[in-house]
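Residues per chain are reported as follows:
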Amino acid sequence: MTTTTDIAVVGGGIIGLATAWRLAQAGLSVTLIERGNVGQEASSAAAGMLAPYAEAANRGPFSNLGQASLSRYAAFVDDLRTETTIDPELIRTGLLRVAEGNEGEADLRNTYAAMRDMGSGGEWVEGETLRKLEPALSDTVTAAVYSPTEWQLDPRKLTKSAAVAAAKRGVRLLEKTEVVGFETSGRSITAVKTSAGTISARRVLLASGAWNPQIAAWLGATVPVRPIRGQIVSLGPCYPLPLRHTVYSHHGYLVPRSDGRVLVGSTEDEAGFDSRPTAAGVSGVLTRAIVLAPVLADAAIESTWAGLRPMCIDRMPILGKIAAYDNAYLSAGHFRNGILMAPISSELLTTLIVTGDAPIDPAFSPSRFGI
């Protein structure tokens, strides 16, 4: 059976869901195709940090994109909450980027200088000020940068909210549906072939995370993205909650949740498409967590999981039109920042698809890889 849609979105992670929702808001008929269940891969496996200054080494297109997305987040969450009543639980207590010892402090001062250059409102804290701000930190933590504008949320609730919002706007969600090819005519994709039938589509957006290279290969495009496994441990619930802020170091992070859990992460493993947590990975993140906050040594292990984060070879997203076709678009390679980048990526791709133009920095263009 063949159905017709204005745009087929391939991929049901937060990037695909958010863009499908925005496209439907713009008046397009949208069909979203997901090989598993929507939001069940890297998006739901994320810790939910909204930390552009933690991810960018210096001022540039990547830091600008992250900051632009963060500036839209409160409105993005409000829109989702209004449409669905599902609260993604945006928590604005801020983030502590910590240092241990003299060498760690020297590195952190360099990071602090870069953050100030990027426009961060971060504040250097140490000694008694640091202990009052976050009493649970180990004595090995000698200094930190307090960044009040870097927040966190619950990514599982975010993706659920985006899926419900998309469905309410009329997006057709096809779960457990494999893309098995495309039909083309000259410079146009005319249909998406799936395990559930053929979908006639006027436009196509590829947004399938670590699976983008396999999908794009059907169109003769080589997308330089590969899966990087990130392993996370959930501790607790802990009452009272032992941490007041998200704690970030070069070796890992601690994310306190409102329900009493503390998320501990994360690894960066080359494991192909194996998303199982490992003994070594779990042991490593737990050891690091206890070094940063010894109080966590007595916390119960609630669960462990891993996600396959789509890393581009230059660690930058790929956003834009696929050159070989007049009606094909790509949103790929968000790596550890899919949750952070969802508002800005969905906005830019929606603008590009609807109007034919969008203020996307050339640094993110597919053309940099000949796509």
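Positions within a chain are numbered from 1, following the residues in the order the chain's sequence is written. Predicted model: local features are reported for residues with pLDDT of at least 70 only, side-chain atom pairs are reported and counted for 80 or more only, and whole-chain, interface and lining totals are derived from all residues. Only hydrogens and water are removed before side-chain values are computed, so all heavy atoms of the structure are retained for them.

Concerning the overall build of the protein chain
In terms of helices and strands, the protein chain carries ten helices and 18 strands. Between the two quantities, the radius of gyration covers C-alpha atoms and the globule rule is 2.2 Å times the number of residues to the power 0.38. Over its C-alpha trace the protein chain gives a radius of gyration of 21 Å, about what one expects of a compact globule, namely 21 Å for 371 residues. In terms of principal-axis extent, the alpha carbons of the protein chain reach across some 65 × 40 × 40 Å. The proportion of buried residues among the 371 residues of the protein chain is 58%. In what follows, residue pairs with any heavy atoms lying within 4.5 Å of each other are defined as contacts. The long-range share in the protein chain, meaning contacts at least 24 apart out of those at least 6 apart in sequence, stands at 73%. Carbon together with sulfur atoms contributes 50% to the accessible area of the protein chain, which is approximately 14700 Å² in total. For the purposes of this entry, the term helix denotes a DSSP run of H or I that reaches at least four residues, the term strand denotes a run of E that reaches at least two, and both are numbered from the N terminus. Burial status follows relative accessibility: with a 1.4 Å probe on protein chains alone, a residue under 20% of its type maximum counts as buried, one over 50% as exposed, and anything between as partly exposed. For the accessible areas, the method is Shrake-Rupley and the probe is 1.4 Å, while residue cover comes only from the protein chains on display.

Focus on the packing of helix H1 (residues 14–25) against helix H7 (residues 155–168)
Angular values range over 0 to 180 degrees, each being the angle between N-to-C directions of two axes fitted as lines to C-alpha atoms, with helices fitted over their stretch in contact. Where H1 contacts H7, the two axes come as close as 9 Å, and the packing angle between them is 30°. Classed by the angle they form, the pair H1 and H7 counts as roughly parallel. The element H1 and its partner H7 pack so that their crossing is left-handed. Residues Ile14, Leu17 and Trp21 of H1 touch H7, and the partners they reach there are Leu158, Thr159, Ala162, Ala163, Ala165 and Ala166. Residues were grouped as follows: Ala, Val, Leu, Ile, Met, Phe, Trp, Tyr, Cys and Pro as nonpolar; Asp, Glu, Lys and Arg as charged; and all remaining residues, including Gly, as polar. In the contact of H1 with H7, the residues fall into eight nonpolar, one polar and no charged. Geometric relationships in this document are graded by angle, where less than 35 degrees denotes roughly parallel, more than 145 denotes roughly antiparallel, 65 to 115 denotes roughly perpendicular, and other angles denote oblique. Left-handed describes a crossing whose near helix is turned anticlockwise from the far helix by less than a right angle; the clockwise case is right-handed.

Some points on helix H4 (residues 61–84)
Helices are assigned an expected span. That span is 1.5 Å times one less than the residue count. With 24 residues, H4 extends 33 Å from end C-alpha to end C-alpha; this agrees with the ideal 34 Å at 1.5 Å per step. The term bend refers to the angle at a residue between two fitted axes, each drawn through seven residues, those ending there and those starting there. Its maximal kink placed at Tyr73, H4 deviates by approximately 45°. Trailing H4 by a residue or two, Thr85 shows a phi angle of about 65°, which is positive.

Digging into unusual backbone geometry
With an omega of 5°, the peptide bond running from Gly236 to Pro237 counts as cis. With respect to the helices and strands, the residue Pro237 is situated in the loop between strand E12 (225–235) and strand E13 (246–249). Cis geometry is found at the peptide bond from Gly265 to Ser266, where omega equals -10°. If you trace the backbone, Ser266 turns up in the loop between strand E15 (262–265) and helix H9 (279–292). With phi around 65°, Thr85 is a residue other than glycine that occupies positive phi space. Within the secondary structure layout, Thr85 lies in the loop between H4 and strand E4 (95–100). Residue Thr85 is classed as exposed on the basis of its relative accessible area of 69%. With phi around 60°, Glu89 is a residue other than glycine that occupies positive phi space.

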